[in-house]
Amino acid sequence: MLDAIRHGLVSKKRATCPEDPDERARHIKSFAYFQDTPMVGIARLSEAVKTKQVKSLAAGIDTTMADLKDAIEAPSKSMDGHTLAIILLCPFNRDPEPDEAGYLWMQNAAAHRGSVRATETAVVLANYLRVLGYDARAHSGSASDVDFNYLTVAAGLAAVEGDKLLNPFVGDRFQVALVTTDFEMTTDQPIAPLSEQPASLTSGISWTLGYGSAKNARTLDPFDKRSYASGPHPFETLKRVKTPTTHIDEARVARVPKRADMFARSKFGDMGKANQDASKGGYFVQKSPLAQALRRPLGAFLVLQDGPSAQEIDPKARDPKSNADGIKALAYFLGTDAVGISRCPEWVWYSHDANCDPITPEHPNAISFIVDQGFDTTEGSSGDDWIAVVQSMRAYLRFSLLGGIVAKHIRNLGYKAQVHTNIQSEVVHPPLLLLSGLGEVSRIGEVIVNPFLGPRLKSGVITTDMPLTHDKPIDFGMQAFCEACNKCARECPSGAITAGPKLMFNGYEIWKSDSPKCTTYRLTQKGGAMCGRCMKTCPWNVEGLQHERPLRWMAMNVPAMAGILAKLDDLVGNGQINPKKRWWWDLKWQPDGSCEMINAEKAPPNYRQLQTDLKLNYEDQTLAVYPADLAPPPWPFPFPMDREKGIEAYHALITAKEYQRRLDEGVDTPTTHRLGQPNEAPVIRVEVSKAEQMTDGITRYDLVSLDGTPLP
Ligand code: SF4
Ligand code: SF4
């Protein structure tokens, strides 16, 4: 699929981006590093290397994409104007051992894995340059028009040693993908032969102890001393519990239609014209050219989220424990940050999908993934500036790619497997993260916090009928911590996060936030694109470094210290902006295809400092919630949101203790469940014959019944 979209349309107008070639190279390389490509070089492209020959650096890459062959071989435009190549190098981690979980599925796959990960970045970079109005094409191990070997050496990423290309840090254990373009930048020089490199490069004290660069002897391969199945983070050290640390009344959880999602409600005009306009064509994402570049492959992967399974079940994939370990190993081998496995109960499924069709839960198991949104970029950001939406899209794309591979693998083994991404999901993710031990409920609301990544994560889920053993929920002290801290509520620019207690909402005990406030801010704010300031400022937004371990241990094991630790976090300035890490350009794309640098005087990008002096009182907050009985029916019609009713509904929420007391006394609860109710209404298929914008901002639709059923 990445090969199918490696080239495409170029914006007609060129962006008003910086022209300095050094600055351009810095920016493009930073974007590649942000996407976790560890080594990047830029080389001049000569006619001699546009040879239409694929020279894979590692053996074993072949083109086995018959289903996409036509797309890959579609007539391509000329590369005549291309002058430069950006080379993206992805090293291999260690080879899996024959006796470790998942070995049969991972053996001999390092080159393919490296190629996929490098190509992910290449396709996104090429797309970005085309959005900026420059021609660019990605080249992968399975579809290329240029000589990889020559360009890798020319860009200084490897030296020729005998009959091999060797990189000074990882030898010949790497794969590359690249981008050719007419976007002029400063190029790199080739490196001297390895025999002439300083001996200290990979054996000196800095390299060994890890000073001076993020990658070093200790961090180069996270699986050097760990099995793939156990992942890069020490999940085995966490306390496991039988049930999540917040109450879930499983019998009464309300299943709601996808139509109740706040982004869907914005799109249908339920939340006013400003939200609806911002949603048109996904403008709240598209307005950032970086996010637009990431969004395109995300859309392309949609067609790969599900598919047919092999007719026979692989006899080696019948044992639930070995399957669970193998799937985790595979997901970590590919590069996800954390995986957990749980049951997939009926109550986590939406009642109706985005087409308004009822959903029948089919798969009993869920494999939940989380992807880090990137510590360094988060540190440089205010959380609600022009990089916020890009961080989200990057993490969503990563899951869509890796989850898609794992699901396809499960289907190849003879089981059903469906990927649920941010674009199309039939399950609600947060409860699955709780059940699979990937985190706990936090004050932020629907955001689950992980002990190693904090709230700086995006999730994705694969549902399947593959037999799998389940993980248990975790308890790392988050409930006590959030009781004593309200930094996210204090820093939220829309005032959406409660400073009050946890309450029962739709059957879940959570710190229920005002989702319409949050969604409206994310869609319509002018100083950036989207928001993740709560994630940025949370004390659990940590890098996972050695020196953080004592604090993490204390937060997990001494609940009484939570308040002091939260204050300490403010005192040391955590959550401030680190200007050195602001690598991106503040560019804004317009639907007419123009793309300009933001005028900081006319439209200053958000650059917030911590509001440590702000005393936030729960009593002063006005919050609104929309439980299942106020949710829209699954039909694609406007269903205006009534804020007064939402405020009333918030006041009617009760604590888990009171909820249980009422249930024990046989009294109904305010979150009366609505499971199955939408199915009871008749379905009439209609077509919109006319849409008219009224002066009050509401859109009026004229409808025609498609099957002759009279319209009510
Ligand atoms: Fe508030 Fe932004 Fe977090 Fe929404 S995403 S809750 S607006 S800080
Ligand atoms: Fe909990 Fe504080 Fe993080 Fe908010 S900022 S989620 S209250 S720890």
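This one's a predicted model, so the numbers in the text were calculated from it and none came from an experiment. (Residues numbered from 1 in each chain as written. Chains lettered and ligands numbered in written order. Predicted model: local features only at pLDDT ≥ 70, side-chain atom pairs only at ≥ 80, totals over all residues. Heavy atoms only, no water.)

### Remarks on the pattern of salt bridges
Right, on to step 1. Scanning the model with the defined rule gives 43 salt bridges in all.
Right, on to step 2. The closest approach of N and O atoms between Glu-692 and Lys-690, which form a salt bridge, is 4.0 Å.
Right, on to step 3. Bridged by salt links that share partners, the residues Lys-487, Arg-490, Glu-491, Arg-533, Asp-569 and Asp-570 form one connected network. (Salt bridge = Lys/Arg side-chain N within 4 Å of Asp/Glu carboxyl O.)

### Remarks on the site of ligand 1
Right, on to step 1. All residues adjacent to ligand 1 are Cys-492, Pro-493, Ser-494, Ile-497, Cys-518, Tyr-521, Cys-531, Arg-533 and Cys-534.
Right, on to step 2. Considered class by class, the residues forming the shell around ligand 1 number 7 nonpolar, 1 polar and 1 charged. (Near = heavy atom within 4 Å. Nonpolar A, V, L, I, M, F, W, Y, C, P; charged D, E, K, R; others polar.)

### Some remarks on the environment of Pro-358
Right, on to step 1. Secondary-structure assignment places Pro-358 in the loop between β7 (338-343) and β8 (365-372).
Right, on to step 2. We classify Pro-358 as exposed; its relative accessible area is 51%.
Right, on to step 3. Residues Pro-358 and Pro-257, spaced 101 residues apart in sequence, show a C-alpha to C-alpha distance of 8.4 Å. (Helix = DSSP H or I, 4+ residues; strand = E, 2+ residues; numbered from the N terminus. Buried < 20%, exposed > 50% of the residue type's maximum accessible area, 1.4 Å probe, protein only.)

### A closer look at empty space enclosed by the protein
Right, on to step 1. On inspection of all chains with the given rule, the structure shows 2 cavities of 30 Å³ or more.
Right, on to step 2. Of the volumes computed, that of the largest cavity is approximately 90 Å³.
Right, on to step 3. Lining the largest cavity are 13 residues, and of these Met-478, Cys-482, Cys-485, Cys-488 and Cys-538 sit closest to its centre.
Right, on to step 4. Those elements that provide at least two residues to the lining of the largest cavity are α15 (478-484) and α16 (487-491).
Right, on to step 5. The element that contributes the greatest number of residues to the lining of the largest cavity is α15, accounting for 3 residues.
Right, on to step 6. Of the volumes computed, that of the second largest cavity is approximately 40 Å³.
Right, on to step 7. Around the second largest cavity sit Tyr-128, Ser-288, Pro-289, Leu-290, Trp-386, Trp-585 and Leu-587, which together line it. (1 Å grid on protein atoms, 1.4 Å probe; cavity = no way out; pocket = protein on both sides within 12 Å on 5 of 7 lines; lining within 4 Å. Points joined across faces, edges and corners; volume = space filled by probe spheres on them.)

### Quick look at the pairing of strand β1 (residues 39-44)
Right, on to step 1. β1 sits mainly inside the fold: 5 of its 6 residues count as buried.
Right, on to step 2. Inspection of the sheet shows β1 paired to strand β2 (residues 84-91) by 6 bridges, in the antiparallel sense. Paired with Arg-44 across the bridge in β2 is Leu-84. (Pairing = 2+ DSSP bridges.)

### Section: the nonpolar core
Right, on to step 1. In this structure, Ile-86, Tyr-128, Val-179, Ile-367, Val-406, Ile-462 and Met-466 are the most contacted members of the largest nonpolar core, which totals 149 residues.
Right, on to step 2. Considering every element that reaches this core, the biggest residue donor is helix α13 (residues 388-412), with 12 residues.
Right, on to step 3. Both domain 1 (3-204) and domain 2 (241-575 + 612-627 + 641-664) contribute no fewer than three residues apiece to this core.
Right, on to step 4. Here Val-179 is in contact with Leu-84, Ala-85, Ile-86, Leu-88, Ala-122, Leu-125, Ala-126, Leu-129, Ala-136, Arg-137, Ala-138 and His-139, once residues within four sequence places are set aside. (Core = buried A, V, L, I, M, F, W, Y, C linked by side-chain atoms within 4.5 Å. Domains from an automatic or database assignment. Contact = heavy atoms within 4.5 Å.)

### So, the site of ligand 2
Right, on to step 1. The environment of ligand 2 is made up of 13 residues, and the closest members are Phe-481, Cys-482, Cys-485, Cys-488 and Cys-538.
Right, on to step 2. If you map ligand 2 onto the pockets, it falls in the largest cavity.
Right, on to step 3. The greatest single-element share of the shell around ligand 2, amounting to 3 residues, is contributed by α15.
Right, on to step 4. Residues belonging to the shell around ligand 2 are distributed by class as follows: 9 nonpolar, 2 polar and 2 charged. (Sits in = over half its atoms within 2 Å of the grid points.)

### Some points on the sheet that holds β1
Right, on to step 1. Spatially, β1-β2-β6-β3 is the arrangement adopted by the 4 strands of the open sheet, whose pairing is antiparallel. This sheet does not close on itself; its edge strands, each paired only once, are β1 and β3 (136-139). Ignoring strand direction, the axes of neighbouring strands in this sheet form an average angle of 20°.
Right, on to step 2. The sheet strands contacting helix α1 (residues 21-34) are β1 and β2, and the helix crosses β1 at an angle near 140°.
Right, on to step 3. Against the sheet, helix α4 (residues 110-131) contacts β2, β3 and β6 (174-181), and its axis sits at roughly 15° relative to β6. (Axes fitted to C-alpha atoms, helices over the stretch in contact; angles between N-to-C directions.)

### Things to note about the packing of α4 against α13
When two helices pack together, their arrangement is given by the angle between their axes and by how far apart the axes lie.
Right, on to step 1. Remark: α4 packs on α13, axes separated minimally by 12 Å, with the N-to-C direction vectors making an angle of 140°. Considered as vectors, α4 and α13 are oriented oblique to each other. Crossing of α4 over α13 shows right-handed handedness. Contacts from Val-116, Arg-117, Glu-120 and Val-124 of α4 reach α13 at Leu-397, Arg-398, Leu-401, Leu-402 and Ile-405. (Parallel < 35°, antiparallel > 145°, perpendicular 65-115°, else oblique. Left-handed = near helix turned anticlockwise from the far one by under 90°.)

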